[in-house]
Every structure is written in C-alpha cells, then in structure tokens.
Amino acid sequence: MATQKQKKTQKPKRTWQKRLIAVIACLLAILMLLPVFTMVFQSAFAATKDELQEQINSGKQQAADLSSKIKKLQSNIDAIAGDKSKALEQKRLLDEKVAAKEEEIANTKTVIANYDALISQKEQERQKAVAREEEEFELFCKRVRSMEEAGTVSYWSILFNAADFSDLLDRVSFVGEVMEYDNAVMDQLAETRRQIEDLKANLESARADQQAQKDQLVAQKNELDDDLNAAIKLVEEYESKQSEYQAAQDELKAEEEEIQSQILKKQKELQKKIASGQISFDTGTGWQWPLPGIYRITCRYGNRIHPITGLPQFHTGNDIGAPRNTPIHAARGGVITKSTYGNSYGNYVVVDHGDGYITLYAHMNSRAVSEGQVVTQGQVIGYVGTTGSSTGNHLHFEVRYNGKTVDGLKFYPSLAGQFVFS
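Within each chain, residues carry numbers counting from 1 in the order of the written sequence. Where totals are concerned, whole chains, interfaces and linings use all residues; where local detail is concerned, this predicted model gives features only for residues with pLDDT of at least 70, and gives and counts side-chain atom pairs only at 80 or more. Hydrogens are left out, water is left out, and the side-chain values use all remaining heavy atoms of the structure.

Undergrad: Explain the pattern of salt bridges to me, please; I cannot follow it from the model alone.
TA: Pairing between side chains becomes possible if they bear opposite charge and their charged atoms approach one another. One speaks of a salt bridge when a side-chain nitrogen belonging to Lys or Arg is within 4 Å of a carboxyl oxygen belonging to Asp or Glu. As enumerated under the stated definition, the model contains 15 salt bridges in all. As a salt-bridge pair, Lys49 and Glu125 come within 2.6 Å of each other at their nearest N and O atoms. Linking Lys49 in helix H1 (residues 2-80) with Glu125 in helix H2 (residues 87-150), this pair joins segments that are 76 residues apart in sequence. The burial state of Lys49 is the same as that of Glu125; both residues are buried. The salt bridge partner of Arg126 is Glu123, with a shortest N-O separation of 2.8 Å. With Arg126 and Glu123 both in helix H2, this residue pair falls 3 residues apart, about one helical turn. The buried category is assigned to Glu123, whose relative accessible area is 17%. Each helix is a run of H or I in the DSSP string that is no shorter than four residues. Each strand is a run of E no shorter than two, and both are numbered from the N terminus. Relative accessibility under 20% of the residue-type maximum defines a buried residue, over 50% an exposed one, and the middle range a partly exposed one, all with a 1.4 Å probe and only protein chains included.

Undergrad: Help me understand the environment of Lys122 in this model?
TA: Mapped onto the fold, Lys122 is located in helix H2. The exposure class assigned to Lys122 is buried, which follows from its relative accessible area of 13%. The sequence separation of Lys122 and Lys49 amounts to 73 residues, and the corresponding C-alpha distance is 8.1 Å. Residue contacts are defined here by distance: any two heavy atoms, one from each residue, within 4.5 Å place the two residues in contact. In contact with Lys122, other than residues within four places in its own chain, are Lys49, Asn202, Leu203 and Ala206.

Undergrad: Explain the packing of aromatic side chains here, please?
TA: The geometry of an aromatic ring pair comes down to the distance between the two centres and the angle between the two planes. Any pair of Phe, Tyr and Trp rings, taking the six-membered ring for Trp, is counted once the centres come within 6.5 Å. Such a pair is stacked with planes under 30 degrees apart, edge-to-face with planes over 60 apart, and tilted for the rest. With the rule as written, the count across this model stands at 15 aromatic pairs. A centroid spacing of 4.4 Å and a plane angle of 40° characterise the contact between Tyr357 and Tyr401, whose relative ring orientation is tilted. Within this pair, whereas Tyr357 is found in strand S8 (residues 357-367), its partner Tyr401 is found in strand S11 (residues 394-401), the two being separated by 44 residues in sequence. For the pair Phe419 and Phe421, a centre-to-centre distance of 6.3 Å together with 55° between the ring planes defines the contact as tilted. Here Phe419 falls in the buried class, since its relative accessible area comes to 11%.

Undergrad: Would you mind going over the side chain of Asn114 with me for this structure?
TA: Inspection of the secondary structure assignment puts Asn114 in helix H2. Asn114 has contacts with Leu52, Gln55 and Ile56, leaving out every residue within four places of it along the chain.

Undergrad: What is the right way to look at unusual backbone geometry in this model?
TA: Of all residues except glycine, most have a negative phi; of all peptide bonds, most are trans. In the Ramachandran plot, His363 falls in the positive-phi region, its phi being about 65° despite a non-glycine side chain. Within the secondary structure layout, His363 lies in strand S8. One non-glycine residue with positive phi stands out, namely Asn402, at about 50°. Counting through the fold element by element, Asn402 comes out in the loop between S11 and strand S12 (404-406). Since its relative accessible area comes to 48%, Asn402 is described here as partly exposed.

Now the structure itself:
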C-alpha cells in the first residue's frame, strides 16, 4: 500500500517536471528564434544599406573621373598660358574646368547626402541591437531570480535526489534542457554584444568617411572660386589690352557675325516648317521677364562706353545682374534654334518665337534645353553664369526682330518702375 501511495505522489511530481520542461523548451525556442528575427530585420535594412553603399561607391568613382578630367583641363590651360593668340581658347578651357568643378561639387554633395542616409540606417540598427541586448539580459536576470526564489540547488543535487530510475531519467532530461537554455542565453548575449561592437565600428567608419567628404567639399569650393576669378581676370585683360590681344578681338567679331548669319538661316527654316504645318507651338500671353523678381540692369541696350576698354561700343542686349545659377525663363514660347557655347556669348540659347521675334540668353552657367526643342512661355531654359566674354554673373538678354536687335525692355512697360540701373 505504501508503495502505491508513493507512486501516486511521485506521478504528479513528474508531471510538474514535464510541464516545466515544456515551458522552458518554449522559452528556449523563442530565444533561439531571436537571431533569426534579427537576421530578417538586418536583411530588410541591408538592402537599403547595400544600395546606399553602392551609390556612395559610384559617387566616389565619378569623383575620380571628374578629378582626372579637371587635371587634364588644367594641363591644357597651363600649356597655353601667356599665349595672347590663344586667350579665347584659354577662357573656353577655364569655363569647361569651372563646369567640371561644379559637377564635382554636386557629386560630393550627393555622396554626403547618401552618407547621411547610411549613417541613419546604421544608427537605427545599432539602437535596435542595444534594445535587444537589454531584453536578453532581462530574460537572463529573470532566470537567475527564479532560481534564487526556488533555492540554490545544483544540477547534481537534482539528479541525486531522484526517487527511482524513471525519475532520474526525467531529471536528466530536465537538467539537460535547463543547461541548454542557460548556455543559449549566454551565447546569445555574447553574440548580441559582438554585433553591437561591429555596428559601432561601422558607424564610426561611416562618420569618418563622411567628414572626409565634407572637408573635400570645402576645398573644392575654394578651388572653384579661384578658377572663376582666373576666368574673370583673363577677360578683363584681353578686353583692356585690345592691341595686344588683337587676334582675340578679331575672332570674337567674326564669331558674332557667324552667329547672326546662323540665326537668320534658322529663322527662315522655322518659318517654312510653320507654314507647312510641320511644327506648331504656343508663344503664350505677352512677354514674361526672364528673371522673375530680379530687375537690376547692369548694362543697357544701345550705345555705351565699355566699362573695361573705355571705348564707345554698341551693346546688343540688356544685362541683368543675378546670382550664379539663378533659373532663366523663356520670355515666350517657341523653338530652340541654338543651344551651344561660343567664345563671346559663352553658353547661350536662342528661342525663335515664329513671328519674326527671337530672344537670345547668353553667358549661362549651364543650359537646360537642346536645339529643336519646343519650349513653353516661362519654361526654365538655363541658369545664370559668367561664361564666354563676361566678367561677372549676369544674363545678357537680347531681343531681335526680323534679324535686327531691339531694346527688350520696351516689352515690359509694367516693370518700368521696378528696373534698377547700375
């Protein structure tokens, strides 16, 4: 009878142990799945991080290509420096170098922005890892507290207290599960700590790389200012010493005559296309000012005393002073008949409006349209600069009617009170 009672009291005990083992097994399963979830989250970020890193690497390669191009341009400039007969070629090379330098700066800014996004991703991942470590440590602390509440009992004492062989087997299984659980907790804590250290190192490396890019950007901007000043000084020199730079003056005059001839030719071609119905466009309503909100006229249309040479000269347009890269808008809708670089006009665009009028926009830093393109009134066609025969950022705005230049300001009577002449 005693044996039967003993068996009855032992059975619930073994049942309790099995239930405890089942609970621990579940906890262990959850814990073992944590690294899997971590890898899933990391993979979600990894796609973004890999993409950002690829863009950064691509940007660095573009920077290397641009740097090589800039060095080659500088070598060409140095080869003809001081040769007065090649002054215009030197200015053209300087303009090209400035454009490459600005592209280099834009590229560096993009790389820095990509680093911002990459660093943000890395910081978020580091914070998640730290939070995960805290959760795992808390889980371990709960395990220790539960052992303390149950009394400090060694694994061996649990085994030696077995009532019989069947109970011993249950206890062996129980101890194995508990030991595996404890080891898994410690291993996961160690792995999470390693991940945090790796993430911290990667984050610091990314921040260092970004700072290097920022330092490089400052140097690039200083170099750009030097190149712009060199280009302006070159123009001032060959304009103030016309006798010494006669070849340059003759070349500019010949170029202007050629441009005039090309404009007339393109105008006739467009009129034929309009007449035959091959092309159509809307010129818009009235005339829109090419630089909205900017009305400082630095040089008027008509006869003037050249500011550098001090000699009489006829100015074919109105110069509007404006910051570099200010958007330039088409005064009316039409067709782009010229979009190119010239020694005199620098980067310039000609819009034919189809009714005898054309507008010309010169000294652009960069052009936003191409020849043959139909543009609408107010569309951005380029950006203010100082390319070509120019000594400062401005837009040379020229209006021609049936081949002859006219004063463009007369088309803006409503703005007469806002113009500032300097």
